[in-house]
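Spelled out from the first residue to the last, the chains are:
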Amino acid sequence: MTKKRWFLIPLLLLLGILAVLFLALELYRKPNYIQNFEEQEYGRDHPFMQPHSVKEGLAVYAVGTGEPLLLFPYPHGHTIEPMGQGPLAQTLAGLGRTVITFDVPGAYRSTREPVGDMEEMIRAADETLDRLGIQEPVDVAGHSMGGLAALAYAIERPQRTRRLLLANTMSGFPAAARCGFPGSAFRPWEANYWRIIIWGMRINDGRADLALHKKLYNLMGSASFHDKTLFSPIKISHDDYDKGVPVRMIWSKNMYRGLSYADRLGEVHAPTLILAGRHDPEASMACSQELLQGITDGSLIIFAESGHAPFIEEAPHFAAVVDAFFNGHGAATPPP
């Protein structure tokens, strides 16, 4: 071994010791989660839509007109607008559906104290449908981690689920660990690989600030788009370093314990459409293939020019495929 390589060994050991000391010191930092901050933080230049109703701390939305469709929101903290205001809800409403959704507890206008587990998401969905007087089975949809919640709902509430749309979804956190960030987007010798791991650990534990949360949002968001020009990073201000992280990040902390529906996919009885982006680093093709193999009445459509958001990157094709599945307007075929 050359002298140059011998020099690297103590350097790497020193860096390892410093990293361990840094993480140890972080454990003594008091968690600082912030709740219901989004409207003040993100809604100043982009006013948020009004909910249909807020009752017992749960905000419920009904967007569009037509047959109801239950759209699960993202349970974690990587969003900057209510689900009903986002591009996926607007696309579904444009297909002649009333998109039913809610704010996750602790976020936007849902002021009840969050628990951060799947049971909470299922109860909130039940409460949402009940409040709007919807008792018959409805079409259920979700994207990414919202898709995981939609999958759980179809398994736990088969009597309320008519058809199921899973966009860029995985069977659980074990699948996300196998197929998703950081290894699907970066390599271990790249700094961003370690940024995602270390930043994520600090944020999930509440031992970080809003500035770091926004940095992670920007890093993951850019990596998740095949066409990088379609991603708009959020601005980081000086006072973000004095604020905590979204309380919804306790979802990731709780679910990292191993929540998985991989062994229960056969319990999905609703016809299911699985949508995947060929270049998706968050819910890779392996995640979608697992869903397809486990769900009896499932079909898979792959968007060749998309990452994690085909409803943005290939919006017309996405709308046509979903319209064919839900409304029977032509065959649900992959985009050319």
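Residues numbered from 1 in each chain as written. Predicted model: local features only at pLDDT ≥ 70, side-chain atom pairs only at ≥ 80, totals over all residues. Heavy atoms only, no water.

## With respect to the pattern of salt bridges
Stage number 1. As enumerated under the stated definition, the model contains 21 salt bridges in all.
Stage number 2. Glu 156 is paired through a salt bridge with Arg 264; the nearest N and O atoms lie 2.7 Å apart. Within this pair, whereas Glu 156 is found in helix H5 (residues 145-156), its partner Arg 264 is found in the loop between helix H9 (250-255) and strand S9 (272-277), the two being separated by 108 residues in sequence.
Stage number 3. The structure contains a network of salt bridges with shared partners spanning Glu 41, Lys 214, Asp 239, Asp 240 and Lys 243. (Salt bridge = Lys/Arg side-chain N within 4 Å of Asp/Glu carboxyl O. Helix = DSSP H or I, 4+ residues; strand = E, 2+ residues; numbered from the N terminus.)

## With respect to the sheet that holds strand S4 (residues 67-71)
Stage number 1. Strand order in this open sheet of eight strands is S2-S3-S5-S4-S6-S7-S9-S10, and the pairing throughout is mixed. A strand with exactly one partner marks an edge of an open sheet, and here the two such strands are strand S2 (53-55) and strand S10 (298-303). Recorded for the sheet is a direction-independent mean angle of 20° between the axes of neighbouring strands.
Stage number 2. Summarising the sheet, S4 and strand S5 (residues 97-102) pair through four bridges and their orientation is parallel. Paired with Leu 70 across the strands is Ile 100, a residue of S5.
Stage number 3. Its contacts with the sheet put helix H4 (residues 118-131) on S2, strand S3 (58-63), S4, S5 and strand S6 (138-143), and the angle it makes with S5 is roughly 135°.
Stage number 4. Taken strand by strand, H5 contacts S4, S6 and strand S7 (161-167), and its axis lies near 145° from that of S6. (Pairing = 2+ DSSP bridges. Axes fitted to C-alpha atoms, helices over the stretch in contact; angles between N-to-C directions. Contact = heavy atoms within 4.5 Å.)

## Some details on helix H12 (residues 315-327)
Stage number 1. Given a rise of 1.5 Å per residue, 13 residues ought to cover 18 Å, and the 17 Å separating the end C-alpha atoms of H12 matches this to within 8%.
Stage number 2. All of the buried residues in H12 are Phe 318, Val 321, Val 322, Asp 323, Ala 324, Phe 325 and Phe 326. (Expected span 1.5 Å × (residues − 1). Buried < 20%, exposed > 50% of the residue type's maximum accessible area, 1.4 Å probe, protein only.)

All quantities given are derived from atomic positions and should not be read as evidence of function.
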